[in-house]
Amino acid sequence: MGVGDSGEMMIMKNCNFIGTNKNYISVTAVLALVCGVLFFNLHQSAFSQESDFLASHATGLEITSQGSTYKIIPNGRVLNSAVIDPSDPNIIWTSQVGAFNFIIESIPGRSFLQAEASNIDDYILAYNPASDKAVVLTGNIAVSLGNGIDAQTIANEYNLTLVHDFPSIKRAFFKPSNQSQLPSKITALNADYRVLSANLDVIENFRRAH
């Protein structure tokens, strides 16, 4: 076999290697695509199931604020930090979202919870149908006040508790004595000429824990 034959064989081997390598890359790309599609479908399916579950339990008061409607989950709880017993049959759903732990109980207040970091019992678990996600209602009304308006005067007139007052930015947060009063208080405050805006204080778009 001459030098020319040896060179041709070498070129053929290189071509075969390149062809094999291309096939490997193609197969790998296809497998990656298939795995990606399967993961996306499974994720979407799980998300859809969670959304359906939340929607089915959002049977409480509906509150509309800033164009969004929020439905309260009566058997839901919002916890800052807690050790939840995974074997507790009363807990039918749990999720850690951002800094919060959400649970839904079959019987409210029956679950065994430990190491609760802070008392946020006034926080309300709700569902936003537009985003298909759980949200937190603080139970407060966020109000922007006109120039020179005293927040405590507003609180007294509307039988509200002044939770936070920021006079420098003309912003205050009020809490009604009962969550069922939230819609009517928001409507009344928005009708007051001293109030620029009154909206439900909502925490959403959380950074999910991994």
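The coordinates are above.
Since the structure is predicted, the reported quantities are computational estimates derived from the model, not experimental observations.

Quick notes on the rules
Residues numbered from 1 in each chain as written. Predicted model: local features only at pLDDT ≥ 70, side-chain atom pairs only at ≥ 80, totals over all residues. Heavy atoms only, no water. Salt bridge = Lys/Arg side-chain N within 4 Å of Asp/Glu carboxyl O. Helix = DSSP H or I, 4+ residues; strand = E, 2+ residues; numbered from the N terminus. Buried < 20%, exposed > 50% of the residue type's maximum accessible area, 1.4 Å probe, protein only. Pairing = 2+ DSSP bridges. Arc of directions from axis to C-beta. Axes fitted to C-alpha atoms, helices over the stretch in contact; angles between N-to-C directions.

A. Spotlight on the pattern of salt bridges. Inspection of every chain in the model, using the stated rule, returns three salt bridges. Residue arginine 194 is joined to glutamate 157 by a salt bridge in which the shortest nitrogen-to-oxygen separation is 2.6 Å. Here arginine 194, found in the loop between helix H3 (182–190) and strand E12 (195–203), pairs with glutamate 157, found in helix H2 (residues 151–157); they are 37 residues apart in sequence, far enough to count as distant. Taken together, the salt bridges that share partners define one network made up of Glu157, Asp192 and Arg194.

B. The arrangement of the pairing of strand E9 (residues 133–145) in detail. With twelve of its 13 residues buried, E9 lies for the most part within the structure. Pairing between strand E8 (residues 124–128) and E9: five bridges, direction antiparallel. For isoleucine 124, the partnering residue across the bridge sits in E9 and is leucine 137. If you look at the hairpin formed by E8 and E9, you'll find four residues sitting between the two strands, and aspartate 132 has a positive phi there, around 60 degrees. The pairing of E9 with E12 spans seven bridges and is antiparallel. Counted as the bridge partner of leucine 145 is valine 195 from E12. Judged from the four bridges that link them, E9 and strand E11 (residues 171–175) form a sheet pairing that is antiparallel. Bridge pairing in E11 links valine 143 to alanine 172.

C. Focus on unusual backbone geometry. Residues other than glycine seldom take positive phi values, yet asparagine 159 does so here, at roughly 55 degrees. You can see asparagine 159 is positioned in the loop between H2 and strand E10 (161–166). Unusually for a residue other than glycine, lysine 170 sits at a positive phi of about 55 degrees. Turning to its location among the elements, lysine 170 is positioned in the loop between E10 and E11. In this structure lysine 170 comes out as partly exposed when scored by relative accessible area, which is 35%.

D. Structural view of H3. Within the sequence span of H3, burial applies to Leu182, Lys185, Ile186 and Leu189. Down the axis of H3, the sector holding all buried residues measures 100 degrees, keeping them to one side.

E. Representation of the sheet that holds strand E6 (residues 100–105) in the model. Spatial strand order, E3-E6-E5: three strands in an open sheet with antiparallel pairing. Sheet topology places strand E3 (76–79) and strand E5 (91–97) at the edges, where each strand pairs with a single neighbour. Taking each pair of neighbouring strands and ignoring which way they run, the sheet shows an average axis angle of 15 degrees. Relative to E6, E5 runs antiparallel, the two sharing six bridges. Looking at E6, one finds that glutamine 96 is bridged to asparagine 101.

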